[in-house]
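Geometric and topological summary
Chain residues, written in single-letter form:
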Amino acid sequence: MKEIFSKLGYKVINTKVGQMVFRKNPIGRAFVRWGGSLSRMLPLRAPQTVMIDICNICNFQCSFCPTADRELLESVGRPKGVMDFTLFKKIVDDLRVFKGNIAVISLHKDGEPLLNKQVAQMVSYAKNARIAFTIEITTNASRLSEELANELLDAGLDSIRISVEHVTSEGYLKITKQFGSYEQIVKNISYLYNEKIRRKSHLKIFAKIIDTGLSKEETEKFYNDFLPISDIARVEGIMGWGYSEKKDFTLGLKPTVGMDGITLLKQDRIVCPEPFKMLAINFNGRVSPCCDDWAHNLIIGDVRQESVQEIWKGQNLARIRRLHLENKRCELPTCANCQYMLGVTDLFDLDKSRISLLKKFEKI
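What comes next concerns the included structure. The structure presented is a predicted model; accordingly, all values stated were derived computationally and were not measured.

**Considering the overall build of the protein chain**
The secondary structure content of the protein chain amounts to 16 helices and nine strands. Against the compact-globule benchmark of 21 Å for 364 residues, the protein chain has a radius of gyration of 19 Å, which places it among compact chains. Judged by the C-alpha coordinates and their principal axes, the protein chain covers about 55 × 45 × 45 Å. Expressed as a percentage of the 364 residues in the protein chain, the buried residues total 58%. Looking at the protein chain alone, contacts between residues at least 24 apart form 74% of all its contacts between residues at least 6 apart.

And the structure:
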């Protein structure tokens, strides 16, 4: 029942009506908190979300992204590479044990997934395995050619999140340092949208832009350009990532809301919900407890040596959950100064339930 509610909730919230009623409306958000309380659903038999990073390198160098800072990555010793298909198949086969109760499989974490030449085959393999309700990709869309768009539609991709970086070519080049054609992004998404309409495909196109100090006119331009060629378009808040003491990824903007663009930052948040509901599998098979471990310094297992289920139920992840519930996350350097967790949607807040959850998890 828990998993059914999770999958249904994901489907509803990712519609235009769901965004309006359950994301932006205070009454709708209160209803979700009451009916879909994460604390009541814990512990989960299957993760709600599994991120599989099929490529952790990127063709952009966005000023707000850790992957763009080559010196920073070298200082923390983060490896780089592209996931091979054999490892991907092993991960997907491992996930079959959860019997389709995963809400989302996202083929993305640190890099640009379309740089992996086997991305369409990976989508197809994951879809045919029926391991999740939704197979999703997050991409900057610069490599989304007509040929690749057709391949992804053929593969049965359920959802694609487009990271729009600006609304002018000059702005794109300033943000990405590598790419300067806003028109190409619009063209790529237009083709995908029109083709999915022609095919009557179920694919959901979600266009998002991070507020890096956008003017009112730029925000309006984003909506005017992308609402006609996407199912959902929204402006998101900039975030500071984990290890925020190493670099200010918020670009000095001092955000007051989280990435969803709505949830106020909770400076005194104790428990991050991510380790309780997700897994992030890095390109080399090593596993992080959340998408924010950009430095790969909070590794809880390796799918080349263990099954995904063993990692999900393992002692390493259990220890991280316990430290959060005990208000001891500062013992985890990755989590200690994580700005991202301050803005995690309040719909998943676990602080009020942490004592009862600690007792519940101690019994497992």
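**As for the nonpolar core**
Core analysis: the largest hydrophobic core is formed by 88 residues, its most contacted members being Ile52, Leu95, Ile105, Leu152 and Phe226. Look past the residues within four positions of Ile52 in its chain and what remains in contact with it is Met83, Phe88, Ile91, Leu95, Ile105, Ser106, Leu107, His108 and Ile281. Of all hydrophobic cores here, the second largest spans 21 residues; its members include Tyr243, Phe249, Cys272 and Trp294.

**With respect to the sheet that holds strand 7 (residues 278-281)**
Pairing is mixed in the open sheet, where nine strands are placed in the order 6-5-4-3-2-1-7-8-9. Edge positions in the sheet fall to strand 6 (232-236) and strand 9 (301-302), since each of these pairs with one other strand and no more. Alignment of strand 7 against strand 8 (residues 286-288), held across two bridges, turns out to be antiparallel. Bridged to Ile281 within strand 8 is Val287. Those strands touched by helix 11 (residues 216-226) are strand 4 (159-164), strand 5 (204-210) and strand 6, and its axis lies near 160° from that of strand 6.

**A word on helix 9 (residues 169-176)**
Listing the buried residues of helix 9 in full gives Ser169, Gly171, Tyr172, Ile175 and Thr176. For helix 9, the arc enclosing every buried residue in end-on projection is 155°, short of the 170-degree limit, so these residues lie on one face. Residues of helix 9 that are exposed and point more than 90 degrees away from the buried face comprise Glu170 and Lys174. If you follow the buried residues of helix 9, they end up packed against strand 4 and helix 10 (182-199).

**Focus on helix 7 (residues 119-129)**
Because an α-helix packs 3.6 residues into every turn, residues spaced three or four apart end up facing the same way. Three or more residues of helix 7 are buried, namely Val119, Ala120, Met122, Val123, Ala126 and Ala129. Along its buried surface, helix 7 packs onto helix 6 (85-95), strand 3 (132-139) and helix 8 (146-155). Residue Arg130 follows helix 7 closely and has a positive phi angle near 55°.

**Structural notes on the state of the cysteines**
A full pass over the atoms with the stated rule returns zero disulfides. Free cysteine Cys65: the closest other cysteine sulfur is in Cys62, separated by 6.4 Å. Not engaged in a disulfide, the cysteine Cys330 finds its nearest cysteine sulfur in Cys335; these two sulfurs lie 9.4 Å apart. The exposure class of Cys330 is exposed, given its relative accessible area of 62%.

**Remarks on the packing of aromatic side chains**
The relation between two aromatic rings is expressed through the spacing of the ring centres and the mutual angle of the planes. Tallying each qualifying case throughout the model produces twelve aromatic pairs. Aromatic pair Phe276 and Phe361: ring centres 5.5 Å apart, planes at 70°, arrangement edge-to-face. Within this pair, whereas Phe276 is found in helix 12 (residues 274-277), its partner Phe361 is found in helix 16 (residues 354-362), the two being separated by 85 residues in sequence. The two residues Phe276 and Phe361 agree in class, both being buried. Among the aromatic residues, ring-to-ring pairing joins Phe60, Tyr172, Phe179, Tyr182, Phe222, Tyr223 and Phe226 into one connected group. Lying over the aromatic face of Tyr243, Lys246 brings its terminal NZ or CZ to 5.2 Å of the ring centre. One cation-aromatic arrangement involves Arg321 over Trp312; the distance from NZ or CZ to the ring centre is 4.7 Å.

Cut-offs applied
- As a convention, each chain's residues are numbered from 1 in the sequence order in which they are written.
- Only residues with pLDDT of at least 70 are given local features in this predicted model, and only at 80 or more are side-chain atom pairs given and counted; all residues enter the totals for whole chains, interfaces and linings.
- Heavy atoms from the whole structure form the basis of all side-chain values; hydrogens and water molecules are not counted.
- A helix here means a DSSP run of H or I that spans at least four residues, while a strand means a run of E at least two residues long, and both kinds are numbered starting from the N terminus.
- When we talk radius of gyration, it's over C-alpha atoms, and the globule rule is simply 2.2 Å times the number of residues to the 0.38.
- Note on exposure labels: buried denotes an accessible area under 20% of the residue type's maximum, exposed denotes more than 50%, and partly exposed covers the range between, all computed with a 1.4 Å probe on protein chains only.
- We call two residues contacting when some pair of their heavy atoms lies within 4.5 Å.
- Nine residue types can take part in a nonpolar core, namely buried Ala, Val, Leu, Ile, Met, Phe, Trp, Tyr and Cys, and a core is a set of them joined through side-chain atoms within 4.5 Å.
- We treat two strands as partners when DSSP finds at least two bridges between them.
- Here an angle of 0 to 180 degrees is reported between the N-to-C directions of two axes, which are lines fitted to C-alpha atoms, with helices fitted over the stretch in contact.
- Throughout, the arc means that of the directions going from the helix axis to the C-beta atoms.
- Only a pair of cysteine sulfur atoms within 2.5 Å counts as a disulfide in this structure description.
- Each Phe, Tyr or Trp ring, with Trp reduced to its six-membered ring, pairs with another whose centre is within 6.5 Å; inter-plane angles below 30 degrees give stacked pairs, above 60 give edge-to-face pairs, and intermediate values give tilted ones.
- A ring has a charge above it when a Lys NZ or an Arg CZ is no more than 6 Å from the ring centre and no more than 35 degrees off the ring normal.

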